[in-house]
Every structure is written in C-alpha cells, then in structure tokens.
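So the chains spell out like this:
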Amino acid sequence: MRRMLLVALLVLVSLGGAALAGHGPSPRGAEGASAADAVPAQDRIAMRVEVTQGRVDEVRHSVQVSMHNDGPSKLVVSRVELQAPSFKGAETVTPNAWLPPGGLQVDVPLLYGTGICTGDELTPKAQASFVALTVQTEDGRVQQVRLPLQYPNPMLDKLLGIDCQQAYLDRQATFTFGPWTHLPSGWVTGTVVVHRTGFQGTITLQEFVGSILLEVVPTPDRERTPKPYAVLKPGQDEVSIPIIVDGERCTPHSLGEIKKPYVFPAWVSLDGGPLLYTELKITDKEIAAFKPVVDACAAGHTQM
C-alpha cells in the first residue's frame, strides 16, 4: 500500500514539473492565449483581389486591380504589383489607396504589359498570377502581402488571347491605311491596305468598320459594298480598298464621351478558316488626317 502511494506521489510531482516547464497542457486564457490570439485585430489583414477591365482600360492596355478589405479596420495600400508570369512589362504603381472595412471595392489601374506567346497558339491560358501589396494598418505598421488571383482567370486568359492572336496575325499580314486626300466637305478619302508578311495562302479581309466617332466605309458603294471587302490570293503581296472617312455618326456629345475614338475593328480569315479579330493600324498620319472631321464634329456639324 505504501509503495502504491509513493508511485502516485511521484507521478503527480512529474506532471506538476512538466506543467511548470511549459510541456504540459495549459488552459486558454489571458496567460494561455495562442500566437494567433496575440496578434492585434488591426494587424490581421483580410483582403481579396481581382482584375477587371473597362472600355478605357482596353485602349490603354491596362486593368483595374480591384481590392476588397474584409477586415475590421481600415487599410492603406501604398504599392500594387501585378505578378503575372504570362505577361512581360506589367507595371508597379504607388496609389496610396484607402480601403475602408466592410469589403467596399477600391480599384487601382495599372498597365499589364504584353502577353508572352509561344508558337501559333490562339487560345492560350494564363499562368497562376498574384498581386503583391504594401499595406499599412491603422497603428502605422507596414506589411507585405501577396494575394492569389482566381485561377484559371478568365480575364487574364482573354487578355493573353488577344495579344497572342494579334501577334500571330502580325506575322501573317498587316492591315493599315494608305495615303489620304482631304475633301472640301471636311471628309477624307484614302485606302485600307492588306500587305502579306508571312502567310502564303489566301488572306480574306471580310469586313472593317468605323469607330464610335468616325465612319470608315468602302467607296463608292459604302454600306452596300459586298463582302468580303478584299481577298489577297496566293502570289499577291498587297491589295487596297478605297475608303472614305466621314463624321456622319459624330455628335458633340459623342465627342465628349468617346473612350475609343481611333479603334477600327476588322475581321480576317486565312485560307477560309474562322474569322479572327484585329484592328486597322493607326499612326500619327491618320490622327492628323482625321482632324478636320473631328473639328467639324466639335463645331456642331458633320460636314462643311
């Protein structure tokens, strides 16, 4: 009996020593809180991000990094970096953006660079991407945060596909404007030129259209011109389509609201394949040539 009591006493002493040494179970409380509990609430950053794009962003080759603060305290984001391996040249911006608690969306624009394309893949998928942030909490502490974007990411896939399709078409042919002639009406005439750069088969320019501001139509039949507008056959290097640029669709209101004044969509096929989207190339010569048409619109009329 005495032996049993001695063993029990030794066990109790051993357990007590372990507890004092910090190896035994400890109750959760003011002294027994976990490491996570020791982090002040304002330092627990709960954020999420996504990338979106509006019409202005399309022209600028930019996206909006949309940030949401789901934590209990306001945050200040002083640095935003898009880490997208499928793009080169993405910029880092320093917005000093205030994020109130409650999940309210705050957008920061940045240039996403140019898609990295391999081969002739027209529907590539963007690699997993992240947004790196420098975030300041209410107590002035600064933290570096790296948040994943949705993966797969439909927006990044779309942007990469646009760049890779355009890069592919640029290797096959160019679609540009030819010399301009100014008319007394304030309109201008010229040509759309299809020039072979690589593809040896049949290149079909199915159609092109004007921008929201300027009408671009073949002459002399304008909208009644049969489609396709031009076919560059094997053995031909170039074909031109006569056009006129006018301001029939232009109003002072549209001039003030326009986001994409010089974007002229076109659709092309190679050897009868599916239609591929591209845009007629614009240079400073085109902008100067269109100026009389835009000036006439600004003055409140579409021809002089």
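The structure this text deals with has already been given above.
Attention here is on the structure that accompanies the text. (Residues numbered from 1 in each chain as written. Predicted model: local features only at pLDDT ≥ 70, side-chain atom pairs only at ≥ 80, totals over all residues. Heavy atoms only, no water.)

**A word on the sheet that holds strand β7 (residues 105-111)**
In space, the 3 strands of this open sheet follow the order β1-β2-β7, with antiparallel pairing throughout. Each of the sheet's edge strands pairs with one partner strand only, and the pair in question is β1 (47-52) and β7. Direction aside, the axes of adjacent strands within the sheet are offset by 25 degrees on average. Where strand β2 (residues 62-69) meets β7, 7 bridges bridge the pair, whose relative direction is antiparallel. Residue pairing for β7: Val 65 is matched across the bridge by Val 108. (Pairing = 2+ DSSP bridges. Helix = DSSP H or I, 4+ residues; strand = E, 2+ residues; numbered from the N terminus. Axes fitted to C-alpha atoms, helices over the stretch in contact; angles between N-to-C directions.)

**Description of the nonpolar core**
If you look at the biggest cluster of nonpolar residues, it comprises 35 residues, and the most contacted ones within it are Ile 203, Leu 205 and Phe 208. Residue assignment for this core shows that the elements contributing at least two residues are α4 (154-172), β11 (173-177), β13 (188-196), β14 (203-208), β16 (230-232), β17 (238-246), β18 (265-270) and α6 (284-298). Of all the elements, α6 adds the most residues to this core, at 5 residues. Excluding residues within four positions of it along the chain, Phe 208 makes contact with Val 192, Val 216, Pro 218, Tyr 229, Ile 241, Ile 243, Pro 265, Ala 266 and Leu 280. Val 65, Leu 82, Leu 133 and Cys 164 belong to the second largest nonpolar core, which has 31 residues in total. (Core = buried A, V, L, I, M, F, W, Y, C linked by side-chain atoms within 4.5 Å. Buried < 20%, exposed > 50% of the residue type's maximum accessible area, 1.4 Å probe, protein only. Contact = heavy atoms within 4.5 Å.)

**Re the state of the cysteines**
Applying the stated criterion across every chain, the model contains 1 disulfide. A sulfur-sulfur distance of 2.1 Å marks the disulfide that ties Cys 117 to Cys 164. Taking the sign of the S-S torsion, -95 degrees for the link of Cys 117 and Cys 164, the bridge is left-handed. Note that Cys 117 is positioned in the loop between β8 (114-115) and β9 (130-136) and Cys 164 in helix α4, a separation of 47 residues in sequence. Under the relative-accessibility criterion, Cys 117 is labelled partly exposed at 29%. (Disulfide = S-S within 2.5 Å.)

**Let's talk about α4**
Here α4 is 19 residues long and its end C-alpha atoms lie 27 Å apart, about the 27 Å a rise of 1.5 Å per residue gives. Three or more residues of α4 are buried, namely Met 155, Leu 156, Asp 157, Leu 159, Leu 160, Gly 161, Asp 163, Cys 164, Gln 165, Tyr 168, Leu 169 and Gln 172. (Expected span 1.5 Å × (residues − 1).)

**Things to note about the environment of Val 268**
Along the polypeptide, Val 268 turns up in strand β18. When its relative accessible area of 0% is taken as the criterion, Val 268 is described as buried. The residues touching Val 268, leaving out its near neighbours within four places in the chain, are Phe 175, Ile 203, Thr 204, Leu 205, Pro 274, Leu 275, Leu 276 and Thr 278.

**What to know about the sheet that holds strand β19 (residues 276-279)**
Spatial strand order, β16-β14-β18-β19: 4 strands in an open sheet with antiparallel pairing. Looking at the sheet topology across the chains shown, the edges are occupied by β16 and β19. Each strand axis lies, on average, 30 degrees off the axis of its neighbour in the sheet, ignoring direction. Packing against the sheet, α4 makes contact with β14, β18 and β19, and its axis sits at approximately 80 degrees to β19.

**Notes on unusual backbone geometry**
The omega torsion across Thr 219 and Pro 220 is 10 degrees, close enough to zero to call that bond cis. Looking at the secondary structure, you find Pro 220 in the loop between β15 (215-218) and β16. For the bond from Lys 227 to Pro 228, the omega torsion is 5 degrees, close enough to zero to count as cis. With respect to the helices and strands, the residue Pro 228 is situated in the loop between β15 and β16. Positive phi outside glycine occurs at Asp 271, with the angle close to 50 degrees. Tracing the backbone shows Asp 271 in the loop between β18 and β19.

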